[in-house]
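Observations on the three-dimensional arrangement
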Amino acid sequence: MIAGISIYEILTVTSILFFIGVYGFITRKNLISILMSIELILNASVINFVVINKYLYPDLLQGVFFSIFIIAVAAAETALAVAIIINLYRQIASVEVKDTETMKY
Amino acid sequence: MNFSNFLLMRHEILLLTITLLLLIGEIFINKNKKSSLVHLAIFLFGIHTAIGFFAIDECSIFGGSFQTNNLIHLFKNVLNIGVFTLLLQSADWIQEKIVNQNRGTEFFILLFTSLLGMYFMISAGDFLMFYIGLELSTLPVAALASYETLKRKSSEAGIKLILSAALASGVSLFGISLLYATSGSIFFHNIIEVITSTNLTILGFILFFAGLSFKISLVPFHFWTADVYEGAPISVASYLSVISKGAAAFILMVLMFTIFKPLIHTWENIVYIVALATMFIGNLFALRQQNMKRFLAFSSIAQAGFILLGLITGTQLGTATVVYFILIYIFSNLAAFGVVQAISLKTGKENMDDYNGLYRTNPNLSLVMMLALFSLAGIPPVAGFFGKFFLFTAAASKGYYLLVFLAVVNVTISLYYYLLVVRAMFIRKNDHPIPFFKNKLYMRLGLLITVIGILVLGLYSPLYDYIYELSSIYN
């Protein structure tokens, strides 16, 4: 717990973080930036879990464990996404979204 | 907990063992004998499928993290049969195109790992296990979608799938965190006791539902579907549309009928709107598709909308009809994808125009395709009719007459575009039809299983009664 800061402030910050991530996912034009936006979303959930565990239900550590698993899985996800992006880059020499639109409608 | 409890996870342990055996085989088997690993993988998975049919006790182990009951057990067997058929259908593609790149075993390892994730997902007892299972089932499929590394389309499909899946899991995680805030636990059996219909719970549920909707490709979240299906190898598209969608729909149904049951008055409305939008948009977009893979993608979106018709009820009847429909849908869609795959492998043609006059040169394949499309459209006497009929009965039993009427309108629309393909195959003339070819044994077996499934499931009613009996846990 942090003195002087209640759970409301922290949850507000994580909610803002989450929606920045969603906004970024929709508007960014670069695959790497989209990946970063997804990381924002995941990190918002991680902070949420830890804070809720610490402030509301401090007797069990379920939220903390959950957040550790999220971090591990998010790392795997990012690694795979970057691998696919690199493979794409080898073929089209670009990581822009507009270059990945050969299939449409 | 004693040692025998581990045997209750028989499906998972066997599949993990097979995956590890294949890994070892990949290391030690000589490079020019790699194609024998394809036979080994299919053989081992066949044994696994057969062993899966033995009955299992209902249980809840690891402190409630992992639970299984007869319906979940049955559904795992359904997934097994689906994957086995899929393996038979894709064996030729792997042997002809992939083994000489020395990557044949990877396909099986990734596919089996993804299936393992689905097992854990559908028998999860808490949100942590559910999340791990969801990710384990998604990530290997993204790698599989970009499997043909030399094709640009395949890489594009992979990146679209991994980004959408990551967003979906992120959104549903945020929903889970809100549910954790209101209920104080991530275990399903604790959440059931304390969950009430508050605003925060509803927001959590909506985010969670949105995350899973990506997997089932319900309408506001369906944009990735057509692109990924078109770009990915056909076996992977088939896997995504059948196994992945079926498992996600099943676990969504289980969660909505158990832990989200107190919110039923909220999610009824959500499901109502999403079902209508999914059916209409899936069907209307399918009308204008020329590529067979995109066509089947939009048709599978529409079918997901029909699944929601059974989901909206929240009763035992709803559970039974959804499971029965998924079972039939697996066979019908696998048959359609199997024919597309056979033709694409031999000739490289994937457009609807190329199918003109197929009946004159390849009557058997055309008949299989026709049966599959009739089953997807829901024409009696094939199985698809009964699946749809039961779903409509379930929705009507709760008084959703308008929804059922609009669904019937959608069945009519879908009939039009399914018959377009049938017309192309049987009636249209073509100066250069696809020449006659003979499929190999595995492909023929794979198509035979689906045809038997389509024909028998509709006529063999004890199966539906059996599923109905098992569904009594979720009502």
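Here the structure is a predicted model, which means the values were calculated and not measured. (Residues numbered from 1 in each chain as written. Chains lettered and ligands numbered in written order. Predicted model: local features only at pLDDT ≥ 70, side-chain atom pairs only at ≥ 80, totals over all residues. Heavy atoms only, no water.)

Section: the overall build of chain B
Keep this limit in mind: The secondary structure listing takes helices from DSSP runs of H or I that are at least 4 residues long and strands from runs of E that are at least 2 residues long, numbered from the N terminus. Atoms considered for the radius of gyration are the C-alpha atoms alone. The globule rule reads 2.2 Å times the number of residues to the power 0.38. When a residue's accessible area, from a 1.4 Å probe over protein chains only, is under 20% of the maximum for its type it is buried; when over 50% it is exposed; and in between it is partly exposed. All accessibility values rest on the Shrake-Rupley procedure with a 1.4 Å probe; residue burial counts only the protein chains present in the view. We score Asp and Glu as negative and Lys and Arg as positive, and we do not count His or the chain ends. Charge placement uses NZ in Lys and CZ in Arg. For Asp and Glu, CG and CD serve respectively.
Check the secondary structure of chain B and you find 19 helices and 2 strands. Relative to the 2.2 N^0.38 estimate, which gives 23 Å for 475 residues, the radius of gyration of chain B is 21 Å and therefore close to what a compact globule would have. Seen along its three principal axes, the alpha-carbon backbone of chain B occupies a region of about 65 × 55 × 45 Å. Buried positions account for 66% of the 475 residues belonging to chain B. If you sum the accessible surface of chain B, you get close to 16,200 Å²; carbon and sulfur atoms cover 68% of it. Placing the 28 positive and 21 negative side-chain charges of chain B at their respective mean positions leaves the two points 10 Å apart.

Quick notes on the overall build of chain A
The line we're drawing: The contact criterion used is simple: two residues touch if any of their non-hydrogen atoms lie within 4.5 Å.
Along chain A, the regular secondary structure elements total 3 helices and 0 strands. From first element to last, N terminus to C terminus, chain A shows the α and β order α-α-α. For 105 residues, the compact-globule estimate of 2.2 N^0.38 gives 13 Å, and chain A exceeds it by more than 25% at 17 Å. Each of the three principal axes of chain A carries a C-alpha extent, and together these read 50 × 25 × 25 Å. Every one of the 105 residues in chain A was classed for burial, and the buried ones make up 40%. Across chain A, contacts joining residues at least 24 apart in sequence account for 61% of those joining residues at least 6 apart.

As for the interface of chain A and chain B
Heads up, the rule is: As used here, buried area is the combined drop in accessible area, with a 1.4 Å probe, of two parts when they are placed together. A side-chain nitrogen of Lys or Arg and a carboxyl oxygen of Asp or Glu constitute a salt bridge if their distance falls within 4 Å. For the purposes of these results, a polar contact is taken to be a pair of N or O atoms within 3.5 Å, where, inside protein, one atom must be able to donate a hydrogen and its partner to accept one; residues adjacent in sequence count only when each atom of the pair is a side-chain atom.
On the chain B side, the residues contacting the 41 residues of chain A number 47 residues. The junction of chain A with chain B conceals about 3,800 Å² of combined surface from both sides, 73% of it contributed by carbon and sulfur atoms. Linking chain A with chain B are 0 salt bridges. For the pair chain A and chain B, the number of links is 11 residue pairs in polar contact (both at pLDDT 80 or more). Of all the secondary-structure elements, those providing two or more residues to the side of chain A that touches chain B are helix H1 (7–27), helix H2 (31–55) and helix H3 (62–92) of chain A.

A look at the pattern of salt bridges
Residues and elements named next belong to chain B. This model, assessed by the stated rule, comprises 9 salt bridges over all chains. With its nearest N and O atoms 3.4 Å apart, the salt bridge here joins Glu148 to Lys151. The class of Glu148 is buried, set by a relative accessible area of 17%. The residue Arg152 makes a salt bridge to Glu156 at a minimum N-O spacing of 3.1 Å. With Arg152 and Glu156 both in helix H6 (residues 152–183), this residue pair falls 4 residues apart, about one helical turn. Shared partners join several salt bridges into a network, and the residues in it are Lys153, Lys160, Asp227, Glu230 and Arg294.

A look at helix H9 (residues 223–231) of chain B
It helps to recall that an α-helix has 3.6 residues per turn; residues three or four apart then point in one direction. All names here are of chain B. H9 sits mainly inside the fold: 8 of its 9 residues count as buried. Looking only at H9, the buried set comprises Trp224, Thr225, Ala226, Asp227, Val228, Tyr229, Glu230 and Gly231. Contact partners of the buried residues in H9: H6, helix H8 (199–216), helix H10 (234–257), helix H12 (292–311) and helix H13 (316–347).

Details of the packing of aromatic side chains
Residues and elements named next belong to chain B. Formally: Aromatic contacts are taken between Phe, Tyr and Trp rings whose centres are within 6.5 Å, Trp giving its six-membered ring; a plane angle under 30 degrees counts as stacked, one over 60 as edge-to-face, and the others as tilted. Criterion for a charge above a ring: Arg CZ or Lys NZ at most 6 Å from the ring centre, at most 35 degrees from the ring normal.
This model, assessed by the stated rule, comprises 39 aromatic pairs over all chains. Between Phe127 and Phe208, the ring centres sit 5.6 Å apart and the planes meet at 75 degrees, which makes this aromatic pair edge-to-face. One end of the pair, Phe127, is in helix H5 (residues 127–145); the other, Phe208, is in helix H8, and 81 residues separate them in sequence. Assigned by exposure class, Phe127 and Phe208 land together as buried. When the centroid spacing of 6.4 Å and the interplanar angle of 10 degrees are considered together, the rings of Phe325 and Tyr329 count as stacked. With a gap of 4 residues between them, Phe325 and Tyr329 both fall in helix H13, about one helical turn apart. Assigned by exposure class, Phe325 and Tyr329 land together as buried. The rings of Phe127, Phe130, Phe188, Phe205, Phe208, Phe209 and Phe260 are connected pair by pair, giving a single aromatic cluster. The ring centre of Phe257 lies 5.7 Å from the NZ or CZ of Lys261, which sits over that ring. Above the ring of Phe306, the side-chain terminus of Lys388 is found at 4.7 Å from the ring centroid.

Side note on the nonpolar core
Cut-off, in case you're wondering: We define the nonpolar core as a collection of buried residues of types Ala, Val, Leu, Ile, Met, Phe, Trp, Tyr and Cys that are connected through side-chain atoms lying within 4.5 Å of one another.
Of all hydrophobic cores here, the largest spans 222 residues; its most connected members are Phe66 of chain A together with Phe127, Phe130, Met256, Phe260 and Met369 of chain B. Among the elements that line this core, the one with the most residues is H13 of chain B, at 20 residues. Every residue in contact with Met256 of chain B, bar those within four places of it in the chain, is listed here: Phe205, Phe209, Lys261, Trp267, Val271 and Leu311 of chain B.

What about a nonpolar patch on the surface?
All names here are of chain B. Heads up, the condition is: Any residue with relative accessible area above 30% and no salt bridge may belong to a patch, with like charges joined within 9 Å and the nonpolar Val, Leu, Ile, Met, Phe, Trp and Tyr side chains within 5 Å.
Where nonpolar side chains cluster on the molecular surface, the patch consists of Leu441, Leu445, Leu448, Ile452, Leu455, Val456 and Tyr460 and spans about 640 Å² of accessible area. Tracing the backbone through its elements, the reader meets Leu441 in helix H18 (residues 441–459). Relative accessible area serves as the criterion here: at 56%, Leu441 is assigned to the exposed category.

Let's talk about the UniProt feature "transmembrane region" (unreviewed entry) in chain A
Residue and element names in this part refer to chain A. Heads up, the rule is: UniProt positions are given in the numbering used here, feature names are shortened, and annotations may be inferred rather than shown by experiment.
UniProt's entry tags residues 6–26, 33–52 and 64–89 with the feature "transmembrane region" (unreviewed entry), counted in the numbering of this structure. Between the end C-alpha atoms of residues 6–26 there is a gap of 31 Å, over a span that is 95% helix and 0% strand. Strand forms 0% of residues 33–52 and helix 100%; the C-alpha atoms that close the span are 29 Å apart.

Some thoughts on the environment of Arg428 of chain B
Residues and elements named next belong to chain B. Looking at the element boundaries, Arg428 is found in the loop between helix H17 (401–426) and H18. The exposure class of Arg428 is partly exposed, given its relative accessible area of 37%. In this structure the C-alpha to C-alpha distance between Arg428 and Ile162, which are 266 residues apart in sequence, comes to 40 Å. If near-sequence neighbours (up to four positions away) are discounted, Arg428 is found in contact with Asn356, Gly357 and Arg423.

With respect to unusual backbone geometry
Residues and elements named next belong to chain B. Put simply, Pro380 and Pro381 share a cis peptide bond, and its omega is 5 degrees. Within the secondary structure, Pro381 sits in the loop between helix H15 (363–377) and helix H16 (383–397). Positive phi is not limited to glycine here, since Phe62 has a value of about 55 degrees. Turning to its location among the elements, Phe62 is positioned in the loop between strand S1 (59–61) and strand S2 (66–68). Relative accessible area serves as the criterion here: at 36%, Phe62 is assigned to the partly exposed category.

Considering the confidence of the model for chain B
We count it as follows: A residue's pLDDT is the confidence the predictor assigns to it, expressed on a 0 to 100 scale.
Confidence in the prediction of chain B, expressed as mean pLDDT, is 89, and 100% of residues score 70 or more. Predicted confidence in chain B is weakest over S1 of chain B, with a mean pLDDT of 81, and strongest over H5 of chain B, with 93.

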